[in-house]
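So the chains spell out like this:
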Amino acid sequence: MAEKEQVSKQISVYKNNKALLETLNCLRAAPKTTPWHIHATGKKEGYSLIRLVAVDYSKGRDSVSVYANLKPEEIKYIFMKLCFGFENFYLHQQKIFRKGEGNSGVVTMLTIERSEFDEKGQKRNFPWSVDIHNGTGIVEDTRNGGQHCKSKSYRETGRVKIYMEDITFFQMLSRTCAVIHAFEQKELYREREIHNFQNLYRLIRKEMDVFVKQEADQGYGDDRAA
């Protein structure tokens with residue numbers, strides 16, 4: 001028996017002769033108790049995210065793969081900035097996640113930037129850059145209940161930086177935003193669709209009961225006539 005093909009989470013991908021960047025669908029629905037949140041935002045149900053994965057394969061077998069996660073709204077925000085034609089844009093994030101029960105953690109750093117001109121004042125052919133770092137560090141809890149990487153504990157395990165044209169980044173983000181929009185529409189109307197299906201099921205069940213009764217009555221009439 002042939003093995004069942006695994007469904008890919010890839011939404012969009014950009015490749016050149018040195019590296020690639022892809023967006024992956026890691027969206028999750030909010031729990032039934034908070035349906036209007038649409039996206040999951042808790043530890044129990046997980047987090048609704050778009051994952052960026054970058055791979056540098058310029059060194060052959062010693063390829064480097066790194067990742068970083070963005071909220072759906074953050075993807076929309078970057079796409080909006082691109083569509084409005086901002087010459088310069090800068091977004092930087094650093095996140096750390098506990099690994100196991102100790103204080104060791106996994107660190108992801110992401111910088112997305114657009115610079116219209118280089119240091120010499122010349123217009124860039126590839127104004128967008130996506131720079132992703134992965135590493136390890138020690139988790140420290142903050143006063144407001146969050147957590148950060150302890151100073152001087154970060155150790156990098158991989159880094160990939162990739163440059164893109166406006167049209168290339170637009171293609172990636174427009175397709176990703178389309179998936180987010182479709183997911184949100186599906187979740188918003190999920191309860192209504194379930195309710196409609198339940199009503200349809202009740203109607204069919206009622207009609208079937210009437211049909212069965214009519215068939216039974218007709219059968220008894222034939223027996224009495226005989």
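So, a few notes on the structure that sits alongside this text.

Definitions and limits used
Counting restarts for each chain: residues are numbered from 1 in the order of the written sequence. This being a predicted model, a pLDDT of at least 70 is required before a residue's local features are given, and a value of 80 or more before pairs of side-chain atoms are given or counted; all residues contribute to the totals for chains, interfaces and linings. Hydrogens and water molecules were not included; the side-chain quantities draw on all heavy atoms of the structure. Secondary structure elements are defined from DSSP: runs of H or I of at least 4 residues count as helices, runs of E of at least 2 residues count as strands, and each element is numbered from the N terminus. Atoms considered for the radius of gyration are the C-alpha atoms alone. The globule rule reads 2.2 Å times the number of residues to the power 0.38. Per-residue accessibility, obtained with a 1.4 Å probe over protein chains only, is compared with the maximum for each type, and a residue is labelled buried under 20%, exposed over 50%, and partly exposed between these values. Residues count as neighbours in contact if any of their non-hydrogen atoms are within 4.5 Å of one another. Under the convention used here, Asp and Glu are negative, Lys and Arg are positive, and both His and the chain ends fall outside the count. In this description, the location of a charge corresponds to atom NZ of lysine, CZ of arginine, CG of aspartate or CD of glutamate. The definition of a polar contact used here is a pair of N or O atoms within 3.5 Å, where within protein one atom must be able to donate a hydrogen and the other to accept one, and adjacent residues in sequence count solely through side-chain atom pairs. Here, a strand pair is defined by DSSP locating no fewer than two bridges between the strands. For helices, the fitted line uses only the C-alpha atoms of the stretch in contact; every axis is such a line through C-alpha atoms, and the angle between N-to-C directions lies from 0 to 180 degrees. One speaks of a salt bridge when a side-chain nitrogen belonging to Lys or Arg is within 4 Å of a carboxyl oxygen belonging to Asp or Glu.

Points about the overall build of the chain
A tally of helices and strands in the chain yields three helices and eleven strands. Listing each helix as α and each strand as β along the chain from the N terminus yields β-β-β-β-β-β-α-β-β-β-β-β-α-α. Taking 2.2 N^0.38 as the reference for a compact globule, 226 residues should give roughly 17 Å; the C-alpha atoms of the chain span a radius of gyration of 26 Å, well beyond that estimate. Taken over the C-alpha atoms alone, the chain extends approximately 100 × 45 × 45 Å along its principal axes. A buried classification covers 33% of the 226 residues belonging to the chain. In the chain, the share of contacts with a sequence separation of at least 24, taken over all contacts with a separation of at least 6, comes to 56%. The chain carries 36 positive and 30 negative side-chain charges, and their two centres are separated by 6 Å.

Considering the side chain of Glu-74
In this structure, Glu-74 sits in helix α1 (residues 72–83). Of note is the side chain of Glu-74, whose polar atom sits 2.8 Å from the backbone nitrogen of Lys-71.

Side note on the sheet that holds strand β1 (residues 10–15)
Ordered in space as β1-β2-β5-β6, the four strands form an open sheet in which the pairing is antiparallel. For this open sheet the edge positions go to β1 and β6 (64–70), each flanked by a neighbour on one side alone. Put simply, the sheet's adjacent strands are angled 15° from each other on average, direction ignored. With respect to the sheet, α1 is in contact with β5 (49–56) and β6, its orientation differing from that of β6 by roughly 95°. Lying over the sheet, helix α2 (residues 166–188) contacts β1, β2 (19–26) and β5, oriented at roughly 175° with respect to β1.

Thoughts on the pattern of salt bridges
Tallying each qualifying case throughout the model produces six salt bridges. Asp-141 serves as the salt-bridge partner of Arg-98, at 3.4 Å between the closest nitrogen and oxygen. Of this pair, Arg-98 sits in strand β7 (residues 89–98) while Asp-141 sits in strand β9 (residues 128–141), and the two are 43 residues apart along the sequence. Close ionic contact of Glu-116 with Arg-114 constitutes a salt bridge, the shortest N to O distance being 2.4 Å. The two residues Glu-116 and Arg-114 agree in class, both being buried. If you follow the salt bridges from partner to partner, you end up with Arg-114, Glu-116, Lys-123 and Asp-166 in one network.

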